[in-house]
Amino acid sequence: MSGNASEDAEKAPSLADRITRPATSSWADEVSSPTGATPTKDTPSPLPAAQVDGTATILGGSGMMEDDDDGPIDLYYSDQQKQRGLDSQDRRIIKTWEDLGLNPLLLKGLYSMGFLRPSNIQSQALPHLLLENPPPNMIGQSRSGTGKTGTFAITMLARLDFSKPNIPQAMCIAPTRELAIQIVGVIQTMGQYFVGQETLRVHSAVSPDPKDPNSPPPHRGPVNAMVVVGTPGTIEGLIKQRQLNTSQLRIVVLDEADQMLSSQGHGDSSLRIKRFTPPTAQVLLFSATFPENVNKFASFFCPDPMRLELKVEELTVKGIKQMFVDCDSQAGRDGQYETLVQLYGLTTIGQSIIFVKTRATADAIEHKLSEADHQVLKLHGGMLGSERDNAIQRFRNGEFKVLITTNVFARGIDISAISLVINYDVPMKRLSPNGRDEVPDFETYLHRIGRTGRFGRTGLAISFVFDKPSFDALSAIGNYFGVEMTRLDLDDLDGAETLVKDIINKNQKENQKAVSG
Amino acid sequence: MGDSLPRNDDPASLLGRSFLGLDTFEYRNSEQVHRDALAAAQAEHARVREVAVRAYELHEARLAQVELYQRSLQEEERVRIETARAEAEVRLREIENAAKRIPIPPPRLPTPPPPPPPVPRESEPAAVVATPPPANTSQQQSQIEQQPVSTTPSILQPPTQLQPARSPFVQAQARTTQPQNLFQPPAQSKTAQAAPPFQQNTQSQALPNVSQQQQPIQKPIQQPEALKPVVKQSSHHLLWTPERYLEIFQNLKKLRKYIREDSASKPTKELKNQAGNLKRSIVASLGKLTLDVKLNNGPKETIMNALRQARDGGVPSIQVDPSLYMISKPEPTEGARNNGETMPALFLYLLNILAKGIVKQLINEAGPAPKAAEKIGFLTVAIFSQSEFLWRGHTMIDILMAKMRVSCPVLFGFRGLETTIEGRAVVGWKRDKEGNKSFVAAQVHSDRMTGLGAGYASICLRDFSKSAVTSPWKPWHYWQTLATITSTPPEEACSTQFTVLKAMIEFSEQKFLKFYGSAGVAALRVALVDFPENATQKGAANMSLAVLADKLLKDTGLRLRQ
């Protein structure tokens, strides 16, 4: 029945030639000939109320079933903006991409990436970033997986002047090569429909690994792409060698800004780069966390900024269910391995990441999980650059389901199918570089679990504790973020299964508040 | 006509020619000369005449042509007028037809509550019980039946539908003699399905279109008797027997409840624990699938082993009639394995767990990353096509399809207005908690639909040409779903349909074209260009579907836009 419809549509052109022939079959069958390939076009609409306004009916958009929630983001205006009389009453919030007046080619890229509508942070930040003149600087803090990368990538692409295709106009600095490569990927995908005259070139400025025979040779000659993304050291090098023309930069972005500015080397590099950029360039700083000390430094780097902020308690993503397992301390490490294998039957798991402290643990776990038929991949700082790139690419492609890694992977990496994060060791940091005393590392914990629950999806984070120190550390983390960690008892697997299921189902909507705009 | 004589040939020159031929004047009166002159005059006359005749003919032809031309003009004018008239007539018919089509008559009205199916089932079940404690099982049985009815009226089914479920655990061996009866629950729903198209014209003009189209198709489950007719009104665009899938779904729920709860209290607690373990091994295996097909053999074996264990009675469970979980009941097939009347309950339970796991895995993994659907579909089809897991040579994939029908009704032709609660219920927009009023967020819904759409495509579009077994869910299902979605009237097309359609096509277009060739290209054009363009409801999902056409052009060179 319905098959006919599409076949009719297909025949339509040839039928048009036959118009003077007397109808041999029912006229109803040939209906499509005079009216073209859309038989139903002229049918009177049975739905007079059919929507003509796209905004009202985007998937789950407004209309009767609107999820109306502005989210818990605080927006503070810069002094300059205040002078112009802006205050919180003037907050601009957009609901659809069309409201931003973006280039249609960029719009195509967004839809093609499945970005159906702006996330919360995007709907609040982009109107200011794109529509105001002069463009304001901004320090943006938002939960992991809420669309920070998208925000600055759109801003960068929207600011480009395509009449100068060889001059760098937008720059993004990221702390690790993995993150930089990921951002290059996002920008390229977003700009994939810029073709012909407007072809978008993105230069990826990451350092070649001198030990790595497979790494591509370092870049020679001037950078002639409109967008440059890289790590601080490499970008600084390019500028010093006079290969990177910074005079026409319109926008500079620091991703994971707190990590960049707090680490000695990266921070200095970034500041030196900043000196080379025109004072008129828009500066954006983004991260999920901004510790107090970094904050001061940040305003120096990014003068008179607008601020988007979250309270500490709001920081952990609600959609990530945080649990812990008390491993058999008698069995020691072996207890942890067993626990790990058991976990995988409890719920449906897309991909998962296991964070460990040492490479030795990583090796041991890999062995254990491989025995249980899991496809496991390791990633740590000891690997060569190209090996790391390769590993991430294969994990991203879904060739492997489990990634065992150290903290190198904690930040920024966005793989949407990750539905489970396991803290095999509770993250700790040393108080002083040479000291032995360790305290729980709140930021790292947050960034780690932020690898799951991307863009409003549900994720599960399970931490292992096996003795008093690890238990205390995890409790401290729970207190800091104001979350209650649920204990998972693996002796009763059926019970554990129900518990996990309940927790995942429990008010799934909460986490949506952060992302739905 | 005389006027048209050639002017070049004046008389002097005519005569001169004969004179020029003579060398001397003296023979000027000779006979010869006169003859020559006569002959020349004759020839000249003939020539002139010929010219004149040709001119006449030409003139004649010209006149004829002018006349013909004028006549053709007249004819054309006539044809044009007639065509216009015909078009007007066509349009009129079309409008009439549309008017007829819109209000769809209550399909089941003509064949009111059909009691035939239950009768045989109820009369016979007492016959023989193949399982250990017969009395117990039938008691359990009645418990199972009653609880859902009393506690959750929402899953109530009309009595006629309930009957088939009543016999699940009861074994009627005598049935082989008259297998016809067993066909009835499925067969009946089929006839009901087929009936409406022919009845449409008789009734219905009076019914308001708008409300019909938006009628929640799932309502019948909640208030079966009252709303049935309304539901069926719009069923002409639905595929096969979605109603039957709902019954299967309910039957499966009862089966799960039996395995999990009712068996826990009995001395058969062993069954529950074993079922739990096997279940976890299946769920965990689904999570281990990777893109590399070879590496998926481990998980696949684990799942098949679990199923084998259950089938062979390694873990004993009662026997159940598998046709409760199928669209129609197959006859015993020569040479097929599992040819009996029943299969172990645990086996069917595990198939159900597998189906649920597949759906969940699709949602969780393929939702965010649609490429992951491929391997899940591969495994699904591999298991449901295994001859050792067929019943009487027929696949049990209806168990999965029942679950798909509930999770993603759009695949089966349902549509609804997402701005209304009823519309959301129809398109399978999940509530954020069972029984809750609020729905999951748009992004979550979109993810779910993406995963299921991509998974469905992956299940349908499998090439079995080189395989010894047959496909459990053939590619034409894909075409049918494509067709049923794209033939939605433009003003009814909804976001969920766009999302599902996009997921079904993206990354699957190569396989689709392999099966359907240029017809497939035309279908893709309808799906990616015409359908989103004509829809009155634009918006992000629509844009996203339309952009896929550009993406295919850019990535594969497939030009769909003219």
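Small disclaimer: the values here were computed from a predicted structure and weren't measured. (Residues numbered from 1 in each chain as written. Chains lettered and ligands numbered in written order. Predicted model: local features only at pLDDT ≥ 70, side-chain atom pairs only at ≥ 80, totals over all residues. Heavy atoms only, no water.)

Participant: What am I meant to see in the overall build of chain A here?
Facilitator: The secondary structure content of chain A amounts to 20 helices and 17 strands. Evaluated residue by residue, chain A yields a buried proportion of 55% over its 517 residues. Counting only contacts in chain A whose residues sit at least 6 apart along the sequence, the fraction spanning at least 24 positions is 79%. As presented, chain A carries roughly 21,500 Å² of accessible surface, and 49% of it is formed by carbon and sulfur atoms. (Helix = DSSP H or I, 4+ residues; strand = E, 2+ residues; numbered from the N terminus. Buried < 20%, exposed > 50% of the residue type's maximum accessible area, 1.4 Å probe, protein only. Contact = heavy atoms within 4.5 Å. Areas by Shrake-Rupley, 256 points an atom, 1.4 Å probe, with all protein chains shown as cover.)

Participant: Help me understand the overall build of chain B in this model?
Facilitator: In terms of regular secondary structure, chain B is built from 22 helices and 2 strands. Sequence separation of at least 24 residues holds for 75% of the intrachain contacts in chain B that already meet a minimum separation of 6. With an accessible surface of roughly 24,900 Å², chain B has 57% of that area assigned to carbon and sulfur atoms.

Participant: I would appreciate a short explanation of helix α15 (residues 359-371) of chain A in the present structure.
Facilitator: Helical geometry: 3.6 residues make up each α-helical turn, so side chains three or four residues apart lie on a common side. Residue and element names in this part refer to chain A. Given a rise of 1.5 Å per residue, 13 residues ought to cover 18 Å, and the 19 Å separating the end C-alpha atoms of α15 matches this to within 8%. For α15, every residue scored as buried is listed here: T361, A362, I365 and L369. Taken around the axis of α15, the buried residues stretch over an arc of 100 degrees, which confines them to a single face. Looking at α15, the residues exposed on the side facing more than 90 degrees away from the buried face are A360, H367 and E371. In the segment just after α15, D373 is the residue with positive phi, at about 75 degrees. (Expected span 1.5 Å × (residues − 1). Arc of directions from axis to C-beta.)

Participant: Explanation requested: the pattern of salt bridges in the structure shown.
Facilitator: A side chain with one charge may pair with a side chain of the opposite charge, provided their charged atoms come close. All names here are of chain B. Counted according to the given criterion, the structure contains 44 salt bridges over all chains. Residue E75 pairs with R78 through a salt bridge whose shortest N-O separation is 2.8 Å. In this pair, E75 and R78 both sit in helix α2 (residues 31-101), 3 residues apart, roughly one turn of the helix. Where K375 meets E365, a salt bridge forms, and the shortest distance between an N and an O atom there is 2.8 Å. Of this pair, K375 sits in helix α15 (residues 373-384) while E365 sits in helix α14 (residues 345-366), and the two are 10 residues apart along the sequence. (Salt bridge = Lys/Arg side-chain N within 4 Å of Asp/Glu carboxyl O.)

Participant: I'm lost on the packing of helix α20 (residues 495-505) of chain B against helix α22 (residues 540-556) of chain B in this one. Help?
Facilitator: Angle between the axes and distance between the axes: these two values describe a pair of packed helices. Residue and element names in this part refer to chain B. Close contact between α20 and α22 brings their axes to 8 Å; oriented N to C, the two are set at 25 degrees. Taken as axis vectors, α20 and α22 run roughly parallel relative to one another. The handedness of the crossing between α20 and α22 is left-handed. Across the interface between the two elements, S495, F498, T499, L501, K502 and I505 of α20 pack against A541, N542, S544, L545 and L548 of α22. Here the residues of the contact of α20 with α22 sort into 6 nonpolar, 4 polar and 1 charged. (Axes fitted to C-alpha atoms, helices over the stretch in contact; angles between N-to-C directions. Parallel < 35°, antiparallel > 145°, perpendicular 65-115°, else oblique. Left-handed = near helix turned anticlockwise from the far one by under 90°. Nonpolar A, V, L, I, M, F, W, Y, C, P; charged D, E, K, R; others polar.)

Participant: What am I meant to see in the sheet that holds strand β10 (residues 351-355) of chain A here?
Facilitator: Within a sheet, each strand pairs with its neighbour through backbone hydrogen bonds, oriented either parallel or antiparallel. All names here are of chain A. A sheet is described by the order of its strands in space; here 7 strands give the open sequence β11-β12-β10-β13-β16-β9-β17, paired in parallel fashion. This sheet does not close on itself; its edge strands, each paired only once, are β11 (376-379) and β17 (486-488). Strand-to-strand twist of the sheet, defined as the mean angle between neighbouring strand axes without regard to direction, takes the value 25 degrees. In this structure, β11 lies alongside strand β12 (residues 402-405), joined through 4 bridges in parallel fashion. Its bridge partner lying in β12, K378 is registered against I404. (Pairing = 2+ DSSP bridges.)

Participant: In this structure, what is going on with the sheet that holds strand β7 (residues 282-287) of chain A? I would like to understand it.
Facilitator: Residue and element names in this part refer to chain A. An order of β1-β8-β2-β7-β6-β3-β5-β4 is seen for the 8 strands of this open sheet, with the pairing classed as mixed. At either end of the open sheet lies a strand with only one pairing partner, and these are β1 (74-76) and β4 (202-205). With strand direction ignored, the average angle separating the axes of adjacent strands in the sheet is 10 degrees. Alignment of β4 against strand β5 (residues 227-230), held across 4 bridges, turns out to be parallel. In the strand pairing of β5, S204 is matched with V229.

Participant: What is the right way to read the packing of aromatic side chains from this model?
Facilitator: The way to describe two aromatic rings as a pair is by their centre distance and the angle between their planes. In the structure shown here, the tally under the stated rule is 17 aromatic pairs over all chains. On the basis of an interplanar angle of 35 degrees and a centroid distance of 5.8 Å, the ring pair of F152(A) and F286(A) is categorised as tilted. Of this pair, F152(A) sits in helix α7 (residues 148-159) while F286(A) is found in strand β7, placing the two residues 134 residues apart along the sequence. Comparing F152(A) with F286(A), the two get one shared label, buried. Each residue in the set F442(A), Y445(A), Y480(A) and F481(A) is aromatic and connected to the rest through ring pairs, giving one cluster. The residue whose ring lies beneath R424(B) is W429(B), and the NZ or CZ to ring-centre distance is 3.7 Å. When the ring centre of F439(B) is taken as reference, the NZ or CZ atom of R424(B) above it lies at 5.3 Å. (Phe/Tyr/Trp six-rings, centres within 6.5 Å; stacked < 30°, edge-to-face > 60°. Lys NZ or Arg CZ within 6 Å of the ring centre and 35° of its normal.)

Participant: Is there a simple way to think about the environment of P303(A) in this case?
Facilitator: Within the fold, P303(A) resides in the loop between α12 (292-301) and β8 (306-309). P303(A) sits 166 residues away from N137(A) along the chain, and the two C-alpha atoms are 7.2 Å apart.

Participant: Sorry if this is basic, but what is going on with the pairing of β8(A) here?
Facilitator: It is a general feature of regular strands that their side chains alternate between the two faces of the sheet. Residue and element names in this part refer to chain A. Relative to β8, β1 runs antiparallel, the two sharing 3 bridges. Bridge pairing links D74 to E309 in β8. Strand direction decides the pairing type here: strand β2 (residues 138-141) and β8, joined by 3 bridges, are parallel. Across the sheet, the residue bridging to G140 is L308, located in β8.

Participant: How should I be thinking about the confidence of the model for chain A in this particular structure?
Facilitator: Low pLDDT marks stretches whose predicted atomic positions should not be read closely. Across chain A, pLDDT averages 76, with 76% of residues at or above 70. Here residues 511-517 of chain A scores under 50 on pLDDT; set against residues more than four positions off or in separate chains, the count is 33 contacts. (pLDDT = per-residue confidence, 0-100.)

Participant: Got a minute to help me understand the side chain of R388(A) in this structure?
Facilitator: Residues and elements named next belong to chain A. Note that R388 resides in helix α16 (residues 385-397). Judged by relative accessible area, which is 14%, R388 ranks as buried. When sequence neighbours within four positions are dropped, the list of residues in contact with R388 reads R177, E178, L379, H380, G381, M383 and V408.

Participant: For this particular structure, what's the right way to read the UniProt feature "short sequence motif: Q motif" (unreviewed entry) in chain A?
Facilitator: Following the UniProt record, one finds the feature "short sequence motif: Q motif" (unreviewed entry) at residues 95-123 of chain A. End C-alpha to end C-alpha, residues 95-123 of chain A measures 6 Å, and it is 45% helix and 0% strand. (UniProt positions renumbered as here; feature names shortened; annotations may be inferred.)

Participant: How should I be thinking about the environment of T395(B) in this particular structure?
Facilitator: All names here are of chain B. By the element assignment, T395 lies in the loop between α15 and α16 (398-407). Separated by 69 residues in sequence, T395 and M326 place their C-alpha atoms 8.9 Å apart. A distance of 3.0 Å separates the side chain of T395 from the backbone oxygen of F384, its partner in a polar contact. In this structure the side chain of T395 is engaged in a polar contact, spanning 3.1 Å, whose partner is the backbone nitrogen of I397. (Polar contact = N/O pair within 3.5 Å; in protein donor to acceptor, adjacent residues only side chain to side chain.)

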